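Each chain, letter by letter, is given below.
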Amino acid sequence: MGPFEQHLREAIAVNTERSDLYAAATDGASRSLSTVLITTETASLPMAMWLDSRAVPFNQRGIRIVQDDFVPMHPLPAWDAPTRFVAVASPQALWSVSAVLRELRRNGRRWARRDAFVAVAEATAHALDQVITVEKAEQSHFAMTRHLLESLGLAAVNAEDYVRQDPQTTSLARDLVRLQLVGLRLAIGLDGRAQHLHKRGVGIVVNDVPPIPFPKPS
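Residues numbered from 1 in each chain as written. Predicted model: local features only at pLDDT ≥ 70, side-chain atom pairs only at ≥ 80, totals over all residues. Heavy atoms only, no water.

1. Thoughts on the packing of helix H4 (residues 91–113) against helix H8 (residues 187–198)
Packed helix pairs are characterised by how far apart their axes lie and by the angle those axes make with each other. In plain terms, the rule: Axis definition: a line fitted to C-alpha atoms, over the contacting stretch in the case of helices. Angles run 0 to 180 degrees between N-to-C directions. Numbering of helices and strands starts at the N terminus; helices are DSSP runs of H or I of at least 4 residues and strands are runs of E of at least 2. Any angle between 65 and 115 degrees counts as roughly perpendicular, while under 35 counts as roughly parallel, over 145 as roughly antiparallel, and the rest as oblique. By definition, turning the near helix anticlockwise from the far helix through less than a right angle yields a left-handed crossing, and turning it clockwise yields a right-handed one. Contacts: residue pairs with any heavy atoms within 4.5 Å of one another. Polar here means any residue other than Ala, Val, Leu, Ile, Met, Phe, Trp, Tyr, Cys and Pro, which are nonpolar, and Asp, Glu, Lys and Arg, which are charged; Gly is therefore polar.
At a closest axis distance of 10 Å, the pairing of H4 and H8 adopts a crossing angle of 155 degrees. Considering their axes alone, H4 and H8 lie roughly antiparallel with respect to each other. Relative to H8, H4 is oriented so that their crossing is right-handed. Here Leu-94, Val-97, Ser-98 and Leu-101 of H4 come into contact with H8, specifically with Ala-187, Ile-188 and Gln-195. Its residues assigned to classes, the contact of H4 with H8 comprises five nonpolar, two polar and no charged.

2. Description of the pattern of salt bridges
Short version of the rule: Just to be clear on terms, a salt bridge is a Lys or Arg side-chain nitrogen sitting within 4 Å of an Asp or Glu carboxyl oxygen. Three exposure classes are used, based on accessible area relative to the maximum for each residue type with a 1.4 Å probe and protein chains only: buried under 20%, partly exposed in between, and exposed over 50%.
Considering all chains together, one arrives at 10 salt bridges under this definition. Between Asp-20 and Arg-31 there is a salt bridge whose closest N-O contact spans 2.7 Å. Note that Asp-20 is positioned in helix H1 (residues 3–25) and Arg-31 in helix H2 (residues 31–43), a separation of 11 residues in sequence. Owing to a relative accessible area of 36%, Arg-31 belongs among the partly exposed residues under this scheme. Asp-175 is the salt-bridge partner of Arg-54, the closest N and O atoms lying 2.7 Å from each other. With Arg-54 in helix H3 (residues 45–59) and Asp-175 in helix H7 (residues 170–183), this residue pair connects regions lying 121 residues apart in the sequence. Residues joined by salt bridges that share partners form a network here, namely Arg-54, Asp-175 and Arg-178.

What follows is the structure in structure tokens.
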């Protein structure tokens, strides 16, 4: 099993295991969100396996493309750990974060076509700072948005290193960054649904994604 596939299967296992726990704590209100998370992760497996297979020849030569672009799912907070924020973001705040992500996707696609991975990383770091500012102002979690931005940022930063080691990694690095950009489309919808459950004292998503050490470009 390759690293991307393994990451997804671990995420599926976490969301499956915790689905019943969250449902019991919310009188079933969390069930549909758990289903969306599991379905989305399962649907992503073929793409993950394809990227994993393309990485093997490079990995065998010590270039850790894809291998170092995903972090282990564990350890995670307990499913019932209290969340820092419990408010539901205002429609204006949701729109603001959506606008940040739309701009990043638009610019990121253009930069990825040019293999300008540093530009993607810098823009991702800026977007992440903007989301964190909104989180604090609204006292509401955008956990999936942050998780996906951190993942994109890590892939973009690493891409520069891979390409320096071997320019033949460029196509794979580009495709991984593009895939992460596409994934941002899902973020706000998932966070908006999760926030209503945080208000009920259930930390779905917040407690289910690991922190990603995104080394922000200077």
